[in-house]
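Architecture at a glance
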Protein chains: 4
Amino acid sequence: MIIIMKPGAARENVQAVVKYIEENGLKTHLSEGTTTTIIGVVGDKTRLTECGINSLKDVDRIVPVTESYKLVNRKFHPDATTVKVGNTEIGPHTLTVIAGPCAVENEEMLVNIARHVKACGATMLRGGAYKPRTSPYSFQGLEEEGLKYMQAAGKETGLATVSEVVDLASLEAAVKYVDMLQIGARNMQNFCLLKEVGRVKTPVLLKRGLSATIDEWLNAAEYIISEGNPNVVLCERGIRTYETATRNTLDISAVPVLKEKTHLPIIVDPSHSTGHYKYVTPVSKAAVACGCDGLEIEVHHDPARAMSDGPQSLTFEKFDELCRSLRPLADLENKKF
Amino acid sequence: MIIIMKPGAARENVQAVVKYIEENGLKTHLSEGTTTTIIGVVGDKTRLTECGINSLKDVDRIVPVTESYKLVNRKFHPDATTVKVGNTEIGPHTLTVIAGPCAVENEEMLVNIARHVKACGATMLRGGAYKPRTSPYSFQGLEEEGLKYMQAAGKETGLATVSEVVDLASLEAAVKYVDMLQIGARNMQNFCLLKEVGRVKTPVLLKRGLSATIDEWLNAAEYIISEGNPNVVLCERGIRTYETATRNTLDISAVPVLKEKTHLPIIVDPSHSTGHYKYVTPVSKAAVACGCDGLEIEVHHDPARAMSDGPQSLTFEKFDELCRSLRPLADLENKKF
Amino acid sequence: MIIIMKPGAARENVQAVVKYIEENGLKTHLSEGTTTTIIGVVGDKTRLTECGINSLKDVDRIVPVTESYKLVNRKFHPDATTVKVGNTEIGPHTLTVIAGPCAVENEEMLVNIARHVKACGATMLRGGAYKPRTSPYSFQGLEEEGLKYMQAAGKETGLATVSEVVDLASLEAAVKYVDMLQIGARNMQNFCLLKEVGRVKTPVLLKRGLSATIDEWLNAAEYIISEGNPNVVLCERGIRTYETATRNTLDISAVPVLKEKTHLPIIVDPSHSTGHYKYVTPVSKAAVACGCDGLEIEVHHDPARAMSDGPQSLTFEKFDELCRSLRPLADLENKKF
Amino acid sequence: MIIIMKPGAARENVQAVVKYIEENGLKTHLSEGTTTTIIGVVGDKTRLTECGINSLKDVDRIVPVTESYKLVNRKFHPDATTVKVGNTEIGPHTLTVIAGPCAVENEEMLVNIARHVKACGATMLRGGAYKPRTSPYSFQGLEEEGLKYMQAAGKETGLATVSEVVDLASLEAAVKYVDMLQIGARNMQNFCLLKEVGRVKTPVLLKRGLSATIDEWLNAAEYIISEGNPNVVLCERGIRTYETATRNTLDISAVPVLKEKTHLPIIVDPSHSTGHYKYVTPVSKAAVACGCDGLEIEVHHDPARAMSDGPQSLTFEKFDELCRSLRPLADLENKKF
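Keep in mind the model is a prediction, meaning the values are calculated, not measured. Numbers given for residues are sequential positions, taken from 1 along each chain in its written order. Throughout, the order in which chains and ligands are written sets their labels, letters from A for the former and numbers from 1 for the latter. Residues qualify for local features only when their pLDDT is at least 70, as the model is predicted, and side-chain atom pairs are given and counted only at 80 or more; totals for whole chains, interfaces and linings, by contrast, use all residues. Hydrogens are left out, water is left out, and the side-chain values use all remaining heavy atoms of the structure.

1. Topic: the overall build of chain A
As a reminder, the rule being used: Runs of E in the DSSP output that reach at least two residues are strands. Runs of H or I that reach at least four are helices, and both are numbered from the N terminus. Residue exposure (1.4 Å probe, protein chains only): buried if accessible area is under 20% of the type maximum, exposed if over 50%, otherwise partly exposed. Here a residue-residue contact requires only that any non-hydrogen atoms of the pair lie within 4.5 Å. Per-residue and other accessible areas follow the Shrake-Rupley method at a 1.4 Å probe size, with only the shown protein chains counted as cover for residues. Working convention for charge: Lys and Arg count positive, Asp and Glu count negative, and His plus the chain ends are omitted. For charged residues, the charge sits on one atom: NZ in Lys, CZ in Arg, CG in Asp, CD in Glu.
On a plain count of helices and strands, chain A comes out with 11 helices and 14 strands. Dimensions of chain A along its principal axes, counting C-alpha atoms only, are 75 × 40 × 40 Å. Residues classed as buried in chain A amount to 64% of the 337 residues present. Excluding contacts between residues fewer than 6 apart, the proportion of contacts in chain A whose partners are at least 24 apart in sequence is 68%. Roughly 11,400 Å² of accessible area belongs to chain A as shown, and the carbon and sulfur atoms make up 47% of that amount. Taken as two groups, the 39 positive and 42 negative side-chain charges of chain A have centres that lie 1 Å from each other.

This is the structure:
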């Protein structure tokens, strides 16, 4: 941590900061410039309630030097992590395609979709049973019943399954039926839920919050891992910006940024980020070319009659085309698909 | 709901949309322009899974005509709501100042702060016992112990109390000890939690999500009220933008926009929105002049040693000055303070 | 400037950075932490092409210590500036209300509006003659003819006048006819135009760019002043965010932030920031209570027939009410209005 | 255009809107819902000063049905445009790589860089002679001298050349020396400059404004084409968001969105969007896989000593690697490179 004092800070105010830091058991290192004094802090900064310093006189600004996350930090864990999910995996050697409907509607439709996406190359099935919806009057999901259908469809096809959890009750149900827990964008900083999924061993797909910085997202992953569950996969699904041509703005650069900052696998969701099926294929190809470890894609046998997020779902035919166009890209990245 | 077809849409595609809508028990109203056909939908739209339509051929776009929220909507409830909290109230006739520390640290400090803010004119005490923090390694709050101190400080001073809840456990504790439950920005779309606070009668202070639109925020309030708890107060606390001079960007225009769209009271939090004590006073004055029904302000006896959010806390002296400067502004707005 | 090296940076890479800086005639100051080395740079940083350093090995990040703007910086010019415009002024002792139509439509309407706004307390008349419009097919303004009407209306009423310039030709015309030049949001970083207005003595009203940071805005003002024209007034007019309830999001906190960072006067434009006349009055009151030095407000005798920006224009009656509500607020701020 | 009235709008207010529209020579089409009346407007809407309607009583909102841009609109010009630049072209059948330094520093360096990028597969040379810089104290470019070096380097290597213009003077110089004019992000809505480049025949590379919507960007292109210059190429270069891990956020989805909305070619600039050379290669690959028609990439023989934007420049070696990795991706897209 570095503390930048205001230009012409009074000597006694500089000394007050130094004293404050040293009282907290840390060392300081003074650097006096022509107009500005800078105080470097040496030692274990977790002892400091850093924000307190900001209130001391003549302090201009505090600059953190090291990230607050450790377990997810590639600086300390240089090798890429592979997360095993059911009988498949997400990591540096595979392109894992997760596909399925936004919401589970009934068992028959789910098995039907599962068979199709498997035939195209998907190794995981997605399907929401607990749906967080903006309006209380929208369809909220089949809940535990939906999870049972997920399990059935997984058994039937051999696909690993992932479904969203939204609270302790849904988490307790989900660990019984599915292979991976999804934390949705709206819950990325629901720290209670993060801690709960940190206490089970089921792998977690952690979606980026709608306006979360990459640092906040990595700190959210740190919550899960620090509770004991190392099986975390990150999922970029678009961020909120002023642009309305797409539902959200996919932050494609987040893929290489994350590859540098963390050892965790990274998945891209082109369906929620663009919000329209027309853009799903080109954006999926971009994500794979950029080095992501997998995709999460909405597929529905009849998008016009989907109970949730129809406009962004691919038909069977379009999903088939997409998978065919991904194959050579996966090859170029040395990823099995 | 209006459906705008693409220019030159095929007649059979227009008919397919009409048929789809009528199959769902609604009526349509066709308007054929020189290049574009528009289909108005008449009837109860909640029967329609609206997003399905977007997948039909030649549909360009769907324009909602009415808001999805009803209970919070001023169009249907023109009179401003007053929410009673302990022995005070939040509504059109008062300027309710809620003040206190970001986090409850111990009972003595809390009672000390409570006495001071009461002397200045505050009628409510804030204090966090369950703290959602970006990093798992930051101070997480005193939990139930903190709530007990809140209760004690409330009894000691006669101030009504508000504290944040983050999950079912903290909610069950909080209803026993405090007069109002706060839902923080990160939980604004934690729909499970919204439903839970909707099932109690304790008033709720619902903070705006970091990147929530006003419509999403009102839908979140609708979740609470539709479960049976009508005692909701909204709190604008800044939104996330590209500007970094302040911690967030206070959306001051949200105050008159909300006054038009909803009958619920609206509070402004200048501490979290600006992130620095220097800006709290001018921004508080702006909020009152703009017509807000109250303020939530962080006050600490020794900001440099606060365990959370020190830089944005006012000292006793500064809070005193602030309250004095608010008095004539409250008078101009015919609000008791 | 501080250079933060990566954790465990190689000694020779640290030395390479030190050498690079010293070759550029500056001194360095090394601070070696437990994991991280920090290099302080002492001396005149304008000699350094700072971005080059970022490419040197093991450099993690560069932290600027001082702002790049000097002439507009309050650290070096603590006293608030007053800018004289025609026979009025903008500065710490007045609340200057600038009012008038978005676009000049004809002389009669302009004189009519000018008389009315003067009667309510405005001391300046606004009116666009060169209109930057998103679409090439929208009304583009009366150009020089419009400026002549501005001059006539100014003479007739004694109001000082301000009108937007968009290039060298409009600038050459405007200096002949109006008392103040406006640089619009879209031209805030049109550096050629900034330099040109820096070469005349006519006061300049510099609007904030749609997504400009406060630092970029102050650097834009620095461009004007560094060319020799010190008469710059800043105008906050809302920034672009994801929220669509208002046309832009007024950054009210920018007022106190600017009061701290610069000595230049600051004006707020509630008309363009909100985009709707309904919100103009509450937002204007907020701006005055927050300490701004003036307001720029659109007024039209018949908003429904305005040729530009009708929905945000106040009628005569509403402008009259607004001015009456501002008076006690100006008094509280010790500002003449 | 559709006008949505408020729920329960008075009959006379509906009639007033209808009358207003018909007075302007247009037809209306009434659609009365259970709570809401909607008025469709049929005919040539350019006759209407649309914003006026917003001020009429009981009008809730106006929904545009057709885009304001025509000449750039793919609905009316379905075939993709190919723009010829010097002896190369930008369009559907090629992947055009434009490479070179951010700023031209001297002739020798430029020819050196030009030779290298040509050997790797680039067919166009970029280099800034007039540099818009945030601070007036940063290096502003070699101006006409720099353009002469661009011409020399183009002749020497056979590369087509592109350089930024910032005002009429630089435009007049640039048409003499280079093959393509670049309009930078900060000037995307400098409508005077857009009209000027519309009056020459030299192709134009129009960068997206820092916070421009896709619609605003297409309207800016419409300005150029409507003045008579059809040779416009769009360049996505990242938009401003809250995320600071990259300099800007590349809006990768803009590529397929633009392919749908316009017939103009689209280029991606991974250097300015990410701001760091480390991310340029993965993001370039993403852009090509997504279907863009070209890339604009900063290359410098010695990034640490570049006079502008060093950190985002590729070395010769890295540019060589990048081009090799792009080749198979271009093949997959059936694009010559």
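2. Comments concerning the pairing of strand β12 (residues 232-236) of chain B
Residues and elements named next belong to chain B. What counts is decided by this rule: Orient the strands so they point away from the viewer; a crossover is then right-handed if the path from the first strand over the helix to the second runs clockwise. Two strands are said to pair when DSSP picks up at least two bridges between them.
Of all five residues that make up β12, five are buried, and the element is covered over most of its length. The handedness of the strand β11 (residues 204-207) to β12 crossover, carried by helix α7 (residues 214-226), is right-handed. In the sheet, β12 pairs with strand β13 (residues 266-268) via three bridges, with the strands oriented parallel. Residue pairing for β13: E236 is matched across the bridge by V268. You can see the chain leave β12, run along helix α8 (residues 254-261) and come back into β13, and the turn it takes is right-handed.

3. Let's talk about unusual backbone geometry
Positioned with a positive phi, B:N334 is a non-glycine residue whose angle comes to about 55°. Residue C:D58 is not a glycine yet carries a positive backbone phi of 70°. Along the chain, the position of C:D58 falls in the loop between α2 (50-53) and β4 (59-63). Under the relative-accessibility criterion, C:D58 is labelled partly exposed at 23%.

4. Thoughts on the packing of aromatic side chains
Residues and elements named next belong to chain B. Heads up, the rule is: To pair, rings of Phe, Tyr and Trp, with the six-membered ring standing in for Trp, must have centres within 6.5 Å; the planes then decide the type, stacked if under 30 degrees apart, edge-to-face if over 60, and tilted in the middle.
Per the counting criterion, the structure on display carries four aromatic pairs over all chains. Plain terms: the ring middles of F191 and Y223 are 4.6 Å apart, the flat faces sit at 20° to each other, and that makes the pair stacked. In this pair, F191 is assigned in helix α6 (residues 191-198) and Y223 in helix α7, connecting sequence segments 32 residues apart.

5. Thoughts on the nonpolar core
Nonpolar side chains in soluble globular proteins tend to end up buried together. This is how it is decided: In these notes, a set of buried Ala, Val, Leu, Ile, Met, Phe, Trp, Tyr and Cys residues joined through side-chain atoms within 4.5 Å is what counts as a nonpolar core.
Judged by nonpolar contacts, the single largest core of 157 residues is most densely connected at A:L206, A:F319, D:L206 and D:F319. Not counting chain neighbours up to four residues away, the residues in contact with A:F319 comprise A:V97, A:A99, A:H116, A:V117, A:C120, A:A122, A:I297, A:V299 and A:L314. Among the nonpolar cores identified, the runner-up in size contains 156 residues, and B:A122, C:L159, C:A220 and C:V257 belong to it.

6. A short note on the relation of the copies chain B and chain A
The line we're drawing: Here the copies are superposed with least squares, the fitted atoms being C-alpha atoms of residues at a pLDDT of at least 70 in both.
Mapping chain B onto chain A is achieved by rotating through 180° and translating by 0.0 Å along the same axis, at an RMSD of 0.1 Å. In symmetry terms, the pair is related by a two-fold rotation axis. By C-alpha distance to the rotation axis, the residue of chain B lying nearest is B:S211, at 3.0 Å. Of the interface residues in chain B, 100% have counterparts in chain A that sit at the interface too, so the contact is made through matching surfaces.

7. As for the interface of chain D and chain C
For clarity, the threshold we go by: Values labelled buried area give the accessible surface lost by two parts on being combined, using a 1.4 Å probe and summing over both. Salt bridges, as used here, are contacts in which a Lys or Arg side-chain nitrogen is within 4 Å of a carboxyl oxygen on Asp or Glu. Any pair of nitrogen or oxygen atoms within 3.5 Å is treated as a polar contact; in protein, a donor-acceptor pairing is required on top of that, and neighbouring residues in sequence qualify only through side-chain atoms on both sides.
Each partner contributes to the interface: chain D provides 48 residues, whereas chain C provides 48 residues. Summed over both sides, the interface between chain D and chain C buries roughly 3,800 Å², with carbon and sulfur atoms accounting for 53% of that surface. Linking chain D to chain C there are two salt bridges. For the salt bridge of C:E216 with D:R240, the shortest nitrogen-to-oxygen distance reads 2.6 Å. Counting across the chain D and chain C interface gives 17 residue pairs in polar contact (both at pLDDT 80 or more). Secondary-structure elements contributing two or more residues to the side of chain D that touches chain C are α1 (11-23), α2 (50-53), α6 (191-198) and α7 (214-226) of chain D.

8. A few points about the side chain of C:N73
All names here are of chain C. Turning to its location among the elements, N73 is positioned in the loop between β4 and β5 (83-85). Taking the relative accessible area as the measure of exposure, N73 reaches 2% and is therefore buried. Separated by 3.3 Å, the side chain of N73 and the backbone oxygen of Y69 make a polar contact. If we skip the residues at most four places from it in the chain, N73 touches E67, K261 and H263.

9. Structural notes on the sheet that holds strand β1 (residues 2-5) of chain B
Residues and elements named next belong to chain B. Going by this rule: For helices, the axis comes from a line fit to the C-alpha atoms of the stretch in contact; other axes are also lines fit to C-alpha atoms, and the angle between any two N-to-C directions lies between 0 and 180 degrees.
In space, the four strands of this open sheet follow the order β2-β3-β1-β4, with antiparallel pairing throughout. Each end of this open sheet is capped by a strand with a single partner; those strands are β2 (27-32) and β4 (59-63). Direction aside, the axes of adjacent strands within the sheet are offset by 20° on average. The sheet contact formed by β1 and strand β3 (residues 37-42) spans three bridges and is antiparallel. Within β3, the position partnered with I2 by the bridge is G40. Each of β1, β2, β3 and β4 touches helix α1 (residues 11-23); the most contacted strand, β2, lies at about 155° to it.

10. Comments concerning the sheet that holds strand β4 (residues 59-63) of chain D
In a beta sheet, neighbouring strands are held together by backbone hydrogen bonds and run either parallel or antiparallel to one another. Residues and elements named next belong to chain D. Within the open sheet, the four strands sit side by side as β2-β3-β1-β4. Their pairing is antiparallel. Two strands in the sheet have a free side with no partner beyond their single neighbour: β2 (27-32) and β4. Each strand axis lies, on average, 20° off the axis of its neighbour in the sheet, ignoring direction. With six bridges joining them, β2 and strand β3 (residues 37-42) adopt antiparallel strand pairing. Among the inter-strand pairings, L30 is bridged to a residue of β3, identified as I39. Strand contacts of α1: β1 (2-5), β2, β3 and β4, with the helix running at about 155° to β2, the strand carrying the most contacts.

11. Details of the pattern of salt bridges
For the structure on display, the rule yields 80 salt bridges over all chains. Two residues, D:K278 and A:E260, come together in a salt bridge whose shortest N-O distance is 2.5 Å. Here the residue D:K278 occupies a position in helix α10 (residues 277-289), and A:E260 occupies one in helix α8 (residues 254-261), the pair thus bridging two chains. The exposure class assigned to A:E260 is partly exposed, which follows from its relative accessible area of 32%. One salt bridge connects D:R61 with D:D60, and the closest N-O pair in it is separated by 3.7 Å.

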